[in-house]
Amino acid sequence: MDFAIGAIDFGTRVTLQDTFALLDRFTEAGGTVIDTANNYPFWNAGRTGSESEEAVGAWLAARGARDRIVLSTKVGARPTVPGDTTLDSAEGLSAQAVGKGIEGSLRRLGTDRIDVYWSHIEDRSVPLEETLGAFNELAEAGKILRLGSSNMPAWRLERARNLSAANGWLPYTALQLRHTYLRPRPLVKLPEGGHMLTTDETLAYVREEEYLTLWVYNTLMSGAYTRADRPVPEWYDHPGTTRRLARLREVADELGATPNQVVLAWLTAQGLVPIVGVTTMAQLEEAIGAAGLKLDEALMARLDEPR
């Protein structure tokens, strides 16, 4: 399976029963990567941020599936003030916060290790050396196997990787950013705090780095490619969007696929790992259907032509 399943809504908007059904089908189809965080979905009223990890942990325990799963979770953006739905009280990335964060995630997920552990948002109040050193201690203790950075600009990631190399620490080998087929207006500011868009510079940087993988979220824009009730966000409001949507639908019709499936195939053809958040079985089946969709160089060129 070429995509990771996003677990933001598991255990809340998606009931525990439906969470189990979705994860059962995902793994049955060959899926192995589950992406969650220690704060999902804290921004919804009445939620603590523990719900997603707890739901995933319940499924792992019930199915005895831990050794068959690549488990991805994050630290840094969990609120420290109960009821806070902003990032104002985020735990941050101090050594103390990282140490406390991993213990909470391991407990909620019911595991002794995290396969890919991410710094969720930037925390420039803490020296990179402190954060990276704390992550390395977790690696030496066998609590994390691989390190990723979410929502970090390329220049900071390069600085962090150099620091890890100089100290012999576990390096960042994964980057997670927001990305989809449509291209936003330059210099647009997203309304979601902490989110960072992929840029051409970032894509070029990742292509040049042998041991660095880009994971991308909000890949299907919450249904905006296919649902009339989900308009394309206004930061994509420019002539290039009209041209790209027309080309996307043209290619989808030729392939007998949905626009969503073509978007996922377009991402995976570039070596990216799409994270697909699903809330229904129909959405999951559509994503699974994209796994067998291969775009040749000619189709990729056609899709990339409109600007």
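Our structure is the block above this text.
Rules behind the numbers
Residues numbered from 1 in each chain as written. Predicted model: local features only at pLDDT ≥ 70, side-chain atom pairs only at ≥ 80, totals over all residues. Heavy atoms only, no water. Helix = DSSP H or I, 4+ residues; strand = E, 2+ residues; numbered from the N terminus. Expected span 1.5 Å × (residues − 1). Contact = heavy atoms within 4.5 Å. Pairing = 2+ DSSP bridges. Axes fitted to C-alpha atoms, helices over the stretch in contact; angles between N-to-C directions. Core = buried A, V, L, I, M, F, W, Y, C linked by side-chain atoms within 4.5 Å. Buried < 20%, exposed > 50% of the residue type's maximum accessible area, 1.4 Å probe, protein only.

Enquirer: So what exactly am I meant to see when it comes to helix 5 (residues 154-167) here?
Expert: Residue pairs spaced three or four apart in an α-helix point in one direction, given the helix's 3.6 residues per turn. In this model, helix 5 (14 residues) spans 20 Å end to end at C-alpha, consistent with the 20 Å of a helix rising 1.5 Å per residue. Considering only its buried residues, helix 5 is in contact with helix 4 (128-140), strand 5 (144-150), strand 6 (172-178) and helix 6 (200-208). The first or second residue beyond helix 5 is glycine 168, which carries a positive phi of 70 degrees.

Enquirer: For this particular structure, what's the right way to read the sheet that holds strand 5?
Expert: Sheet architecture is closed into a barrel: 8 strands sit in the order 1-2-3-4-5-6-7-8, paired in parallel fashion. Within this sheet the neighbouring strands show an average axis-to-axis angle of 30 degrees, counted without direction. With 4 bridges joining them, strand 3 (residues 70-75) and strand 4 (residues 114-119) adopt parallel strand pairing. By the bridge assignment, lysine 74 is partnered in strand 4 with tryptophan 118. Against the sheet, helix 4 makes contact with strand 3, strand 4, strand 5 and strand 6, and its axis sits at roughly 155 degrees relative to strand 5, the strand it touches most.

Enquirer: Looking at this structure, how should I read the nonpolar core?
Expert: In a soluble, globular protein the nonpolar side chains are often hidden away together inside. Residues Phe10, Phe135 and Ile144 are the most contacted members of the largest nonpolar core, which totals 81 residues. When residues of this core are assigned to their parent elements, the largest contribution, 6 residues, is made by helix 8 (residues 259-268). Beyond its immediate sequence surroundings of up to four residues, phenylalanine 135 is in contact with Val75, Val98, Tyr117, Ser119, Ile144, Leu147 and Tyr172. Counting residues in each nonpolar core, the second largest holds 9 residues, with Ala4, Val33, Ala174 and Val273 among its members.

Enquirer: Looking at this structure, how should I read unusual backbone geometry?
Expert: Excluding glycine, most residues fall at negative phi; most peptide bonds, likewise, are trans. Between tyrosine 40 and proline 41 the backbone carries a cis peptide bond, its omega angle lying at -15 degrees. Here proline 41 is to be found in the loop between strand 2 (33-35) and helix 2 (51-63). Backbone geometry at methionine 221 places phi at a positive 50 degrees, although glycine is not the residue there. Mapped onto the secondary structure, methionine 221 falls in the loop between strand 7 (213-217) and helix 7 (239-255). One non-glycine residue, serine 222, adopts positive backbone phi at about 55 degrees. When you line up the elements, serine 222 lands in the loop between strand 7 and helix 7.

The values are spatial; any link to function lies outside them.
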